[in-house]
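Commentary on secondary and tertiary structure
Here is what each chain is made of, one letter per residue.
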Amino acid sequence: MNPADEILDIVDEHDRVVARSPRGEAYARGLRHRCVFVQARDAAGRLFVHRRTATKLVFPALYDMFVGGVVGAGESYDAAALREAEEELGVTGLPRPAYLFKFLYDDGAGNSWWSAVYEVRCELPVRPQPEEVQWHAFLPEEEVRRRLGEWEWVPDGLAAYERLRAFRAGR
């Protein structure tokens, strides 16, 4: 199926479902929907970082420190987190990602989605989807922080990363 045809739940500012729409239409009209962000770490604690392909509907060719994506119509955040993590990492049998928190991402320019943030340990060999991921590596946290000012990152992932750092710091 073409990703633009995937049906999404459209939600209000309280994350209540108010309609359903194809993904392409939701993006084009700036309709608020749901997404999951999963921070994956390997056995050594390094973060999975990747560069999205140039064919992605949103934020093409940008770097991201999360795997994840949209929550399908009628799908739970938890189910979407596991599905998206396994799809993007190219693995099966991943442990269920642990839910951390949720926030409303809104860039003020028509992009808005409820964002559930998770973490998972991936000790399996990864084989990311070539149609989703152009480059990938597990990087130490210090290197990710150093690259924040050098690479162009997806803005919603950057917002999730900053909130996750604050969450872990107890703020």
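Higher on the page you've got the structure.
For the structure given in this document, a descriptive report is provided here. (Residues numbered from 1 in each chain as written. Predicted model: local features only at pLDDT ≥ 70, side-chain atom pairs only at ≥ 80, totals over all residues. Heavy atoms only, no water.)

1. Some words on unusual backbone geometry
We note that Asp15 has phi near 70°; this positive angle belongs to a residue other than glycine. Its place among the elements puts Asp15 in the loop between strand E1 (7–11) and strand E2 (17–22). The phi dihedral of Ala61 falls on the positive side, at around 65°, and the residue is not glycine. Relative to the helices and strands, Ala61 is located in the loop between strand E4 (47–52) and strand E5 (63–64). (Helix = DSSP H or I, 4+ residues; strand = E, 2+ residues; numbered from the N terminus.)

2. A short note on the layout of surface pockets
In this model, the largest pocket occupies a volume close to 590 Å³. Mapped by element, the contributors of at least two residues to the lining of the largest pocket are helix H1 (23–29), strand E3 (33–41), strand E6 (67–70) and helix H2 (77–89). When grouped by side-chain class, the residues that make up the lining of the largest pocket number 14 nonpolar, six polar and 12 charged. (1 Å grid on protein atoms, 1.4 Å probe; cavity = no way out; pocket = protein on both sides within 12 Å on 5 of 7 lines; lining within 4 Å. Points joined across faces, edges and corners; volume = space filled by probe spheres on them. Nonpolar A, V, L, I, M, F, W, Y, C, P; charged D, E, K, R; others polar.)

3. Thoughts on the packing of aromatic side chains
Summed over the entire model, instances satisfying the criterion amount to 13 aromatic pairs. Centroid distance Trp135 to Trp151: 5.6 Å. Interplanar angle 80°. Geometry classified as edge-to-face. You can see Trp135 sitting in strand E9 (residues 133–139) and its partner Trp151 sitting in the loop between helix H3 (141–147) and helix H4 (155–168), a full 16 residues away along the chain. Among the residues examined, Trp135 registers a relative accessible area of 32% and is labelled partly exposed. Put simply, the rings of Phe37, Phe66, Phe101, Phe103 and Phe167 touch in pairs and so form one group of aromatic residues. The ring of Trp114 has Lys102 lying over it, and the distance from NZ or CZ to the ring centre is 5.2 Å. (Phe/Tyr/Trp six-rings, centres within 6.5 Å; stacked < 30°, edge-to-face > 60°. Buried < 20%, exposed > 50% of the residue type's maximum accessible area, 1.4 Å probe, protein only. Lys NZ or Arg CZ within 6 Å of the ring centre and 35° of its normal.)

4. Here's the deal with the side chain of Asp64
Summarising the element assignment, Asp64 is placed in strand E5. There is no salt bridge for the buried Asp64, and the closest opposite charge comes from Arg52, which lies 4.5 Å off by N-O distance. At 3.1 Å, the side chain of Asp64 forms a polar contact with the backbone nitrogen of Phe66. Contact partners of Asp64, with chain neighbours within four places excluded, come to Phe48, Val49, His50, Arg52, Trp153, Val154 and Gly157. (Lys, Arg positive; Asp, Glu negative; His and termini not counted. Salt bridge = Lys/Arg side-chain N within 4 Å of Asp/Glu carboxyl O. Polar contact = N/O pair within 3.5 Å; in protein donor to acceptor, adjacent residues only side chain to side chain. Contact = heavy atoms within 4.5 Å.)

5. Examining H4
Compared with the 20 Å implied by 1.5 Å per residue over 14 residues, the 20 Å span of H4 between its first and last C-alpha is a close match. Of the positions making up H4, those classed as buried are Asp156, Gly157, Ala160, Tyr161, Leu164 and Ala166. (Expected span 1.5 Å × (residues − 1).)

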